[in-house]
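Residue-level structural notes
Listed here are the chains, written in short residue letters.
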Amino acid sequence: MNALLEQFIFESRECLQGIGEKLLQLEDAPGDKDLVNELFRLVHTLKGNSGLFEFPTMTRVLHAGEDLMDEVRNDRVVFSRQIADHLLASMDFVGLLCDEIEGSDGQVKSGNGNSVRLAESLRILIPSRDAKVVEGGDERGASPPPQAPSRDADLELLGMIPEKVRMEAYRTSREPGLYLIHYRPVEGCFYQGEDPFHQARQAPGLLWGSLSPRGSWPRLGELDAYRCMLDFHVLSTANLEALEEHFRYVLEQVELVELPTLFLVAPQGEPNGGPVYEDFVAEALGLLETGNVNDLAIVSRALLELSNPDLWLSSALRWLLAVLEREPENLMALKFLVNSLGTFQAPNWVSITAATPEDPLPAIEATAHPAPATGPVLPGVGGIDPVLAVTAHAIIAIQRTILAIQDDASWQPGRIRAAAGALANCLKALGQGHLVMEGLEASLAAAMAVGHGEPIVLWLDGLVESTTPIKALDPPAMARQCTASAPIPKPPAELPPPQLEEEVKFARRAEDAQTGSKSLKVDQAKVDRLMNLIGEMVVSKNALPYLANRAESVFGVRELSREIKAQYSVINRIAEEMQDAIMQVRMMPVSFVFQRFPRLVRDTSRKLGKEVNLVLIGEDTQADKNIIEALGDPLVHILRNSLDHGFETPDQRLAAGKPATGTLTLRASQESDQVVIVVEDDGKGIDPGVIKRKAYEKGVIDEATLECISDRDAINLIFAPGFSTMDVVSDLSGRGVGMDVVRTAVEKVNGTLHLDSDLGQGTRITLSLPLSMAVTNVMIVETDGQTFGLPMQSVIETVRVPRSRIMGIKNTQATVLRGRIMALKSLNEKLSIAAAPIANAEGELAILVVRVGQEQVGLIVDQFHETMDVILKPMAGVLGGLPAYAGSALMGDGSVLMILNVMEIL
Amino acid sequence: MKRVLVIDDAATVRMYYRVTLQGEGLHVEEAVNGIEGLEKVLQAPFDLYIVDVNMPKLDGFGFLRELRSLEIPQAPAIMVSTEAELPDLAQAFTAGANVYLFKPVKPHQLLTHVRLLIGDVNP
Amino acid sequence: MPIEFQKKLAVFEDIVGVDEAEGLLEWLQKKPKARVDLAACTHLHPANLQVLMAANATISRWPEDDSLRAWLEPVLNQ
């Protein structure tokens, strides 16, 4: 899949996300004009993009959506829940199409039926208009002309077509109608590279065409030749599809009028001279009465042969014969034609056909989109667009670097000339064109003479020093602003900051402002790679103090040792900063997870018949990417539970004296090194009694516990595995999956979950997660010759306890530490290592006091080693299933350290 | 009318450049690789080149080096690629590119650079 | 060249594009009595056509291309 398509999918998804958000916001604030306009713009952009890639299935729906939003923003339609529902459904469909496009590498095969249905469902919401005439052409939006006169004007237009052409068309056309095309290009169309004349000339089935000016011509001196003031008219025998296809890019500027072929029938010619054959008229009418068309044809032919062909009479006779030939059954038309012989007036088919219900005037096929925006309009500051100026400076800086390249490339002269040319054009763009004459040309000539670019470089540097308005900017800053070139090999020397940077912030185009701050879209794999490298660096640097010591103790080189240590602290500082920096890169705001909740709450609460208002606080709170991602599912569970079990129906709430609409609050905040998420509802709370009973029924607790368990603890029974108060599997809370799964997921990322509830008032769930998973401080221990790491957050202290103080109680060992009994476990035993713990020379065992939940346990190991920072990486694949290990970490010497999961082991 | 040569082996990308630039009133010609590009240049030089890096037969660097060796009026070249590695940048500028952009190039970005390099902007 | 400007005659040839319009406009302003020969013209960008119409230019010869002639004859003078 090519990058363009990827970009399209990415942007489309972003648009869809924005559309979803805005729609929900708009539901709460239907009068917000800004929201409506933003929504329109998003849909419009999305539609435009889909058109570029020719996905008509998608465009059709988006087009309908755009039209609907246009009606809303022009106050012709009031935004309602129904509209929101339909638009949401349509956008979901578009989202599915995006998935399909992505999955099938650019093809969209299915969905046309749905596309049409959805588009229709949207269009139905648009009140129909009587005169569905396009607003194209005149951008100031003149009111659409009433139908009848414009059809008369069309008739007039037709009359301008030479009779031969019309006759031929009438005779040969098999369609019941022809199309009269009024193409009124927008004034700025030339600037978009359009040639409407060519378009008109190339129209399929073209029989005839004409053009007309829209107004009177100004004097030549005031004429803007590039402002299109012409309308084009074409008569075509092609069908609607072919015409719409041909004019597809300018369809809104085109009026396609379907005319019955009958409209072509119009006698012309000199009315005076020649006899007035009243007798003939009478006779002809008589024949028509009896339906004797054959005879009518005979007599008409006879008369025609006798008459001067230029006469009106002859023309009318010719037409009579033509009609007799093509549609002899159309007695009405024949009648009027015959009459016209006497009146010398062409039949007015408009009024005639309007009058006869059997032959109604066909509706005008016109599409009514807003006129396309002309090309991007960049706001200027001081006459020069700031984005342009900033980019120009960036390009200038690059050219300087190119010119400074010293090699012996055979193509160097060409390279220098090209760079000089680029420089010249940028300078001109900055309004410094005079410099080109005043210095650039001379220095270029000098450069050509010496064979390298230095003269120009010197000239440029000289410019910078003499404080002319040109100040070359430092490339990395430019790169961030323009997302153009990345840092280049030889950056220029320190240069003063750009004075235009300020203006850039204000005068950005609206689109740029909307897509957010200066940011790079970066492949996650690259970030991970960077993180790994930094991790390795962090660990590798640890070897340096050790080496320093060896230098001193083994090799006796004290000076060297000192220097190594000094350098180590420099590297250490840098490594720590790098670590911090990469962690910052991985930090994301929780809004990433929160953003899907408004929709979830809306849909779920509706389904359950409950009214719930979702309040999101602290969406900007940041945490590591992994943490954020780990939060998603647990939170969804919690929210669903709350909606399903926590909130009462509006009636129940009112009966309980609460407002009918419940409030669900999701609050995120940062507390020291933790991210705290609180989910709070004002529902009916958890009934400890119910929980106790259920737990007892399910055998989670025994009778004794049932009696004496506190309310608080009872509530926390919810987290017991296999617990669920719903016997019926509800698809909303998901297959009876209990809160225990939620808790496990949270604990997997070293977080904690806490539950509080007041019966009748509501429930509060608090999630506490570490800010970053990246670096863990571990203590290294050794047992049976193997080293393991334990996260320091679990370690309380290290002690050495003589064997004599270790007692056996039942099957376990324990010791007394500071007046409290502490259970002891052997790490060997826990890891199923056969060996017994080894004591040291004094017969003491090394015991690591660790925290397990609320308690302290002593872990017997052979030896303690140092603590260090490592990048803890979860185990992948099969090993990931081993609960004993929290992960592994790479050591400075390349070996792998297994990090133990304390909770699991004990 | 100023003339731009677009060299990329992907038809969609060429089309994208063409559509975007034609809207600016530029005359756009296409080539699918460096060889074809050079052939076009030898017929008539252009006012701006947009060159992809990875192409069969002759890649962007090769094209640029050849282009810069010719005794013709030298016009600026924008090199476009998906790689973001430093060595490519140096190589690009050494070969004779004047600007380096990363795919996908947004229309606004493309147009700004084109306008500046091709000398169409009137102060 | 798409338009060859002689002393008092502008000769259009083949396809006359949008770029020519400005030059044509200037020329016609300087030489209001000049004439325009469209015989060899197969297409002209409407910008040029607008100039011709606004200037009320005199056409010395119509296009040999019938279809083009049909478009132009009603709106230009000979």
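Residues numbered from 1 in each chain as written. Chains lettered and ligands numbered in written order. Predicted model: local features only at pLDDT ≥ 70, side-chain atom pairs only at ≥ 80, totals over all residues. Heavy atoms only, no water.

When helices and strands are counted, chain B shows 5 helices and 5 strands. Secondary structure elements of chain B, listed N to C terminal, follow the sequence β-α-β-α-β-α-β-α-β-α. Across the 123 residues in chain B, those meeting the buried criterion constitute 58%. Long-range pairs, those at least 24 residues apart, make up 61% of the contacts in chain B with a sequence separation of at least 6. Only carbon and sulfur atoms are counted for the fraction: they give 52% of the accessible area of chain B, which is about 4,600 Å². (Helix = DSSP H or I, 4+ residues; strand = E, 2+ residues; numbered from the N terminus. Buried < 20%, exposed > 50% of the residue type's maximum accessible area, 1.4 Å probe, protein only. Contact = heavy atoms within 4.5 Å. Areas by Shrake-Rupley, 256 points an atom, 1.4 Å probe, with all protein chains shown as cover.)

A few words now on the packing of aromatic side chains. Geometrically, a pair of aromatic rings is defined through the distance of the ring centres and the angle of the planes. Within the structure shown, the criterion is met by 12 aromatic pairs over all chains. Ring centres of Phe 197 of chain A and Phe 232 of chain A lie 5.8 Å apart, and the angle between their planes is 20°; on these two criteria the pair is classed as stacked. Here the residue Phe 197 of chain A occupies a position in helix 8 (residues 196–201), and Phe 232 of chain A occupies one in strand 3 (residues 230–236), the gap between them amounting to 35 residues. In this pair, the class of Phe 197 of chain A matches that of Phe 232 of chain A, namely buried. Ring geometry for Phe 46 of chain B versus Tyr 49 of chain B: centroids 5.9 Å apart, planes at 65°, classification edge-to-face. Through a chain of ring-to-ring contacts, the aromatic side chains of Tyr 183, Phe 197, Phe 232 and Phe 247 of chain A together with Trp 71 of chain C assemble into a single cluster. Its end group placed over the ring of Phe 197 of chain A, Arg 201 of chain A keeps NZ or CZ at 5.7 Å from the ring centre. In this arrangement the basic side chain of Arg 3 of chain B is found over the ring face of Phe 46 of chain B, its NZ or CZ atom lying 4.2 Å from the centre. (Phe/Tyr/Trp six-rings, centres within 6.5 Å; stacked < 30°, edge-to-face > 60°. Lys NZ or Arg CZ within 6 Å of the ring centre and 35° of its normal.)

Now for unusual backbone geometry. At Lys 57 of chain B, a position not held by glycine, the phi torsion is positive, near 65°. As for its position among the elements, Lys 57 of chain B is in the loop between strand 3 (48–52) and helix 3 (60–69). Positive phi values are uncommon outside glycine, yet Asn 56 of chain C reaches one of about 55°. Note on placement: Asn 56 of chain C falls in the loop between helix 2 (46–54) and strand 4 (58–61).

Here we take up helix 24 (residues 558–586) of chain A. A rise of 1.5 Å per residue sets the reference length of helix 24 of chain A, with its 29 residues, at 42 Å; its end C-alpha atoms lie 41 Å apart and thus fit the reference within 8%. Looking only at helix 24 of chain A, the buried set comprises Ser 561, Tyr 568, Asn 572, Ala 575, Gln 579, Ile 582, Met 583 and Arg 586 of chain A. (Expected span 1.5 Å × (residues − 1).)

Turning to the side chain of Gln 399 of chain A, a few remarks are in order. Along the polypeptide, Gln 399 of chain A turns up in helix 15 (residues 386–404). You can call Gln 399 of chain A buried: its relative accessible area is 0%. For Gln 399 of chain A, the contacting residues outside a window of four places in its chain are Ala 419, Ala 422 and Leu 423 of chain A together with Asn 98 of chain B.

Considering every residue of chain C, the mean pLDDT works out to 90; 100% of them sit at 70 or more. Predicted complex metrics record ipTM = 0.95 and pTM = 0.37. (pLDDT = per-residue confidence, 0-100.)

All names here are of chain C. Judged by pairing direction, the sheet is mixed, and its 4 strands sit side by side in the order 1-2-3-4 without closing on themselves. Strand pairing shows two members of the sheet lacking a second neighbour, strand 1 (3–5) and strand 4, which therefore form its edges. Geometrically, the sheet is characterised by an average inter-axis angle of 30° between neighbouring strands, direction not taken into account. Packed onto the sheet, helix 2 meets strand 2 (9–16) and strand 3 (35–44) and runs at close to 155° relative to strand 3. (Pairing = 2+ DSSP bridges. Axes fitted to C-alpha atoms, helices over the stretch in contact; angles between N-to-C directions.)

To continue, consider the pairing of strand 3 of chain C. All names here are of chain C. Counting buried positions along strand 3 yields 7 of 10 residues, so the element is predominantly enclosed. Of the strand pairs in this sheet, strand 2 and strand 3 are connected by 7 bridges, and their pairing is parallel. Counted as the bridge partner of Asp 14 is Cys 41 from strand 3. This β-α-β element, strand 2 to helix 1 (residues 20–30) to strand 3, shows right-handed connectivity. With 3 bridges connecting them, strand 3 and strand 4 associate as parallel partners. Within strand 4, the residue paired with Asp 37 across the bridge is Arg 61. (Right-handed = clockwise from strand over helix to strand, strands pointing away.)

This part takes up the interface of chain B and chain A. The extent of an interface is frequently quoted as the accessible surface area lost upon association of the parts. Every contact between the two is made by 42 residues of chain B and, on the other side, 43 residues of chain A. With both chains or domains summed, chain B and chain A bury close to 3,400 Å², and 68% of this area falls on carbon and sulfur atoms. Together, Phe 93, His 108 and Leu 116 of chain B form the three largest contributors to the area buried by chain B at its contact with chain A, with a combined 19%. Counting every contact that joins chain B to chain A gives 6 residue pairs in polar contact (both at pLDDT 80 or more). By residue number, the principal contributor to the side of chain B that touches chain A is helix 5 (residues 107–118) of chain B, which donates 9 residues. When its residues are assigned to classes, the side of chain B that touches chain A shows 24 nonpolar, 13 polar and 5 charged. (Buried area = accessible area lost by both parts, 1.4 Å probe. Polar contact = N/O pair within 3.5 Å; in protein donor to acceptor, adjacent residues only side chain to side chain. Nonpolar A, V, L, I, M, F, W, Y, C, P; charged D, E, K, R; others polar.)

What follows is about the packing of helix 12 (residues 312–326) of chain A against helix 13 (residues 331–343) of chain A. Residue and element names in this part refer to chain A. Interaxial distance between helix 12 and helix 13 falls to 9 Å at its minimum, and their mutual angle equals 170°. On the basis of their axis angle, the class for helix 12 and helix 13 is roughly antiparallel. The chirality of how helix 12 crosses helix 13 is left-handed. Contacts between helix 12 and helix 13 involve Trp 312, Leu 313, Ala 316, Leu 317, Trp 319, Leu 320, Val 323 and Leu 324 from the first element and Leu 334, Leu 337, Val 338, Ser 340 and Leu 341 from the second. Among the residues forming the contact of helix 12 with helix 13, the class breakdown is 12 nonpolar, 1 polar and no charged. (Parallel < 35°, antiparallel > 145°, perpendicular 65-115°, else oblique. Left-handed = near helix turned anticlockwise from the far one by under 90°.)

So, on to the sheet that holds strand 11 (residues 762–770) of chain A. All names here are of chain A. Pairing in this open sheet of 5 strands is mixed, and the strands run 6-8-9-11-10 from one edge to the other. Lying at the two open borders of the sheet, with one neighbouring strand each, are strand 6 (612–617) and strand 10 (752–758). Shown here is a sheet whose adjacent strand axes are inclined to one another by a mean of 15°, direction ignored. Inspection of the sheet shows strand 10 paired to strand 11 by 7 bridges, in the antiparallel sense. Within strand 11, the position partnered with Thr 752 by the bridge is Ser 768. On the sheet, helix 26 (residues 597–608) packs against strand 6 and strand 8 (662–671) and is oriented at approximately 165° with respect to strand 6.

Residue and element names in this part refer to chain A. Examined against the element boundaries, Thr 783 turns out to sit in strand 12 (residues 775–783). The exposure class assigned to Thr 783 is buried, which follows from its relative accessible area of 0%. Each residue touching Thr 783, except ones within four places of it in the same chain, is listed here: Phe 788, Leu 827, Asn 828, Ile 833, Val 861 and Asp 862.

Once that is clear, we can look at the pattern of salt bridges. All names here are of chain A. Counting across every chain of the model gives 39 salt bridges over all chains. The partner of Asp 231 in a salt bridge is Arg 214, and the shortest N-O contact between them spans 2.7 Å. In this pair, Asp 231 is assigned in strand 3 and Arg 214 in the loop between strand 2 (206–213) and strand 3, connecting sequence segments 17 residues apart. In this structure Arg 214 comes out as partly exposed when scored by relative accessible area, which is 33%. Between Arg 573 and Glu 577 there is a salt bridge; the shortest N-O distance is 3.1 Å. Remark: Glu 577 and Arg 573 occur in helix 24; sequence separation between them is 4 residues, near one turn of the helix. Classification of Glu 577 as partly exposed rests on a relative accessible area of 47%. (Salt bridge = Lys/Arg side-chain N within 4 Å of Asp/Glu carboxyl O.)

Residue and element names in this part refer to chain A. Here helix 12 is 15 residues long and its end C-alpha atoms lie 21 Å apart, about the 21 Å a rise of 1.5 Å per residue gives. Judged by how many residues are buried, helix 12 sits mostly within the fold: 12 of 15 residues are covered. Within the sequence span of helix 12, burial applies to Trp 312, Leu 313, Ser 314, Ser 315, Ala 316, Leu 317, Trp 319, Leu 320, Leu 321, Ala 322, Val 323 and Leu 324. Turning to helix 12, the residues buried within the fold contact helix 7 (163–172), helix 10 (278–289), helix 11 (293–306) and helix 13.

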